[in-house]
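Commentary on secondary and tertiary structure
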2 protein chains.
Amino acid sequence: MASDTVRDRILAAGQRITPQRDLVAGVLEQAGRPLSAAELYEAVGRSGRGVGRATVFRTLQSLEDAGIVQHVVLPGNQAAYLLCQVAGHHHHLVCRQCGAADDLAEDEVAPFLAALEGGHRFQVDHANFAVYGTCARCTGDRASTTS
Amino acid sequence: MASDTVRDRILAAGQRITPQRDLVAGVLEQAGRPLSAAELYEAVGRSGRGVGRATVFRTLQSLEDAGIVQHVVLPGNQAAYLLCQVAGHHHHLVCRQCGAADDLAEDEVAPFLAALEGGHRFQVDHANFAVYGTCARCTGDRASTTS
DNA sequence: GCCCGTAGTGATACTTAGTATCACTTAAGG
DNA sequence: CCTTAAGTGATACTAAGTATCACTACGGGC
Ligand SMILES: [Mn+2]
Ligand SMILES: [Mn+2]
Ligand SMILES: [Zn+2]
Ligand SMILES: [Zn+2]
């Protein structure tokens, strides 16, 4: 089941607690990595009662509106949804090996955007980064990975 | 019709020159802003002979493989394809007002990625930025001049 | 605890972006 | 020219996500 903080944040966003939202958030929490909507639908179906397909999408949308979930577009244009501890707009470093998504702090990004604004006389109002690579843990494993 | 440099780059990528590729590239060149596949299909249909829908997608894929076209995912998750003068992987500042897409130089991005790698012990192998805002011309900043 | 308005749900039908297939055409190199 | 592999178009298909609408249930007020 989803942790209490998730429920608090759902309420804080003016949304209702429902078993469906609990289930979806719970599966995401359990997985600890970005999941596609289809994977989520299937996983939720397996773990106990099911959730309608439309509701999975609506729930993801709601949770994303509430800042609890964010989605990244993986190389290959696949959308993957992930549970975010930190609220508000932020970005991720996504490991292609294990799928872990590390949060990027705003103050790591802001100076970069500021530099862009200066260099191009462009006023940034929204940015979305997808940064892919290998996390520290998976880098250590590299010697033993299958080729 | 697409400019000669586009044709050269198609050839350089080991692909054939076809009227369809000329048309698609030509429409993109003409538009000077990112277009969705649907817009392209329609525009190509209007301007002279048509191009099959499947071929529009295939052509965009080919041109993207050749580094001639790139697509950005606009807020709202709409893919838009744009003609790129500079070859190789790069990023864009997209104006939401007029659609203009300014190229981002690699040396503007590299230091940022390097900083991320250091701060997170993460090995970046691919990044995709979508930066949206308002370009100099659209800010109404008519006094601005290139410097 | 019960009531009730409204947010949320599920089945289903639909849309839209993009892909697979396959017979046919055409670019381009010798 | 001839040849052949790359490319095309019609069509059928998949996969992601949305619209509809009757029904359900969350939760604030009492
Ligand atoms: Mn996050
Ligand atoms: Mn470009
Ligand atoms: Zn990893
Ligand atoms: Zn502009």
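Residues numbered from 1 in each chain as written. Chains lettered and ligands numbered in written order. Predicted model: local features only at pLDDT ≥ 70, side-chain atom pairs only at ≥ 80, totals over all residues. Heavy atoms only, no water.

1. Looking at unusual backbone geometry
Residues and elements named next belong to chain A. Worth spelling out the cut-off: Secondary structure elements follow DSSP: runs of H or I of four or more residues count as helices, runs of E of two or more count as strands, with numbering from the N terminus. Buried means the residue's accessible area, taken with a 1.4 Å probe over protein chains only, is under 20% of the maximum for its type, while exposed means over 50%, and partly exposed covers the values in between.
Unlike most non-glycine residues, N77 shows phi in positive territory, near 65°. Note on placement: N77 falls in the loop between strand 1 (69-74) and strand 2 (78-83). Residue classification places N77 among the exposed residues on the basis of a relative accessible area of 53%.

2. Remarks on the relation of the copies chain A and chain B
We count it as follows: Here the copies are superposed with least squares, the fitted atoms being C-alpha atoms of residues at a pLDDT of at least 70 in both. Note on contacts: a residue pair is in contact if any heavy atoms of the two residues lie within 4.5 Å.
In screw terms, the move from chain A to chain B is a rotation of 180° and a rise of 0.0 Å along the axis, fitting with an RMSD of 0.1 Å. Classification of the inter-copy transformation places it as that of a two-fold axis. Residue F129 of chain A, judged by its C-alpha, is the member of chain A lying nearest the rotation axis, at 2.3 Å. Comparing interface residues between copies, 97% of those in chain A also sit at the interface in chain B, which points to an isologous, same-surface contact.

3. Comments concerning the coordination of the manganese ion (ligand 2)
Heads up, the rule is: A donor here means an N, O or S atom no more than 2.8 Å from the metal, or no more than 3.2 Å when the metal is Na, K or Ca. Since water is not included, a site may seem to lack partners.
Around the manganese ion (ligand 2), the protein supplies C84 of chain B (SG), H90 of chain B (NE2), H92 of chain B (NE2) and D103 of chain B (OD) as donor atoms, at distances of 2.0 to 2.3 Å. By relative accessible area, which is 4% here, H90 of chain B ends up buried.

4. Points about the protein's contact with DNA strand C
How we decide: Summary of the distance rule: residues count as near a molecule or strand when at least one heavy atom falls within 4 Å of that molecule or strand. Pairing of N or O atoms within 3.5 Å defines a polar contact, subject to two protein rules: one partner must be a possible hydrogen donor and the other a possible acceptor, and residues neighboring in sequence count only if both atoms are side-chain atoms. Three residue categories are used. Nonpolar comprises Ala, Val, Leu, Ile, Met, Phe, Trp, Tyr, Cys and Pro, charged comprises Asp, Glu, Lys and Arg, and polar comprises the others, including Gly.
Looking at DNA strand C, there are 21 residues lining it, with T18, R21 and R58 of chain A together with I17 and R53 of chain B nearest. Backbone atoms, meaning sugar plus phosphate, form 63% of the atoms of DNA strand C positioned within 4 Å of the protein. Within the contact set of DNA strand C, a base oxygen lies 3.2 Å away from a side-chain nitrogen or oxygen of R16 of chain A. At a separation of 2.7 Å, a phosphate oxygen of DNA strand C approaches a polar backbone atom of I17 of chain B. Secondary structure elements with two or more residues in the surface near DNA strand C: helix 2 (19-31) and helix 4 (53-65) of chain A together with helix 4 (53-65) and strand 2 (78-83) of chain B. Broken down by element, the residue count for the surface near DNA strand C peaks at 4 residues, all from helix 4 of chain B. Of the residues contributing to the surface near DNA strand C, the split by class is 8 nonpolar, 7 polar and 6 charged.

5. A short note on the protein's contact with DNA strand D
I17 and R53 of chain A together with T18, T55 and R58 of chain B are the nearest of the 22 residues found near DNA strand D. Each atom of DNA strand D within 4 Å of the protein was classed as base or backbone; sugar and phosphate made up 62%. Side-chain polar atom of T18 of chain B to a phosphate oxygen of DNA strand D: 2.7 Å apart, as the coordinates give it. At the level of elements, helix 4 and strand 2 of chain A together with helix 2 (19-31) and helix 4 of chain B are the ones that each hand at least two residues to the surface near DNA strand D. With 4 residues, helix 4 of chain A is the single largest residue contributor to the surface near DNA strand D. Looking at the surface near DNA strand D residue by residue, the classes come out as 9 nonpolar, 7 polar and 6 charged.

6. Digging into the nonpolar core
Where a protein is soluble and globular, its nonpolar side chains tend to be buried together. Note the following rule: What we call a nonpolar core is a set of buried Ala, Val, Leu, Ile, Met, Phe, Trp, Tyr and Cys residues that are connected through their side-chain atoms within 4.5 Å.
L113 and F129 of chain A together with L113 and F129 of chain B are the most contacted members of the largest nonpolar core, which has 27 residues in total. Elements supplying a minimum of two residues to this core: strand 3 (91-95), helix 5 (106-120) and strand 5 (123-134) of chain A together with strand 3 (91-95), helix 5 (106-120) and strand 5 (123-134) of chain B.

7. Things to note about the domain arrangement of chain A
Residues and elements named next belong to chain A. The cut-off we apply is this: Residue ranges assigned to each domain were obtained from an automatic or database domain assignment. When two parts are brought into contact, each loses some accessible area as probed by a 1.4 Å sphere; the total of that loss over both is the buried area.
Split by domain assignment, chain A resolves into domain 1 (1-85) and domain 2 (89-147). Taking only C-alpha atoms, the centre of domain 1 and the centre of domain 2 are 22 Å apart. Of the residues lining the interface, 10 residues belong to domain 1; the matching set on domain 2 comes to 10 residues. Here domain 1 meets domain 2 over a buried area of about 760 Å², counting both sides, of which 60% is carbon and sulfur. Per-residue buried area on domain 1 facing domain 2 is highest for Q70, V72 and P75; these three make up 46% of the total on that side. Linking domain 1 to domain 2 there are 2 residue pairs in polar contact (both at pLDDT 80 or more). For the side of domain 1 that touches domain 2, the element with the most residues is strand 1, which contributes 4 residues. Residues of the side of domain 1 that touches domain 2, tallied by class, amount to 7 nonpolar, 2 polar and 1 charged.

8. Some remarks on the coordination of the zinc ion (ligand 4)
Residues and elements named next belong to chain B. For the record, the criterion: The geometry test gives tetrahedral to four donors whose angles all lie between 85 and 135 degrees, gives square planar to four donors and octahedral to six donors whose opposite members are over 155 degrees apart with all other angles between 65 and 115, and gives irregular to the rest.
Looking at the zinc ion (ligand 4), the protein donor atoms are C95 (SG), C98 (SG), C135 (SG) and C138 (SG), and they sit 2.3 to 2.4 Å from it. Coordination at the zinc ion (ligand 4) is tetrahedral, judged from the 4 donor atoms that bind it and the angles of 104 to 115° they form at the metal. Counting gaps between the donor residues of the zinc ion (ligand 4) yields the pattern C-x2-C-x36-C-x2-C. Remark: C138 occurs in the segment after strand 5 and C95 occurs in strand 3; sequence separation between them is 43 residues. Its relative accessible area of 2% is what places C95 among the buried residues.

9. Concerning the interface of chain A and chain B
Inclusion rule: Salt bridges are identified by distance alone: a Lys or Arg side-chain nitrogen within 4 Å of an Asp or Glu carboxyl oxygen.
Listed by partner, the interface residues are 33 residues for chain A and 34 residues for chain B. With both sides pooled, the region where chain A packs onto chain B buries about 2800 Å², and carbon together with sulfur makes up 59% of that total. Considering only the surface of chain A that becomes buried against chain B, H120, R121 and F122 of chain A emerge as the three largest contributors, covering 23% of it. The tally of links from chain A across to chain B stands at 2 salt bridges. With a shortest N-O distance of 2.5 Å, D125 of chain B and R96 of chain A are connected by a salt bridge.

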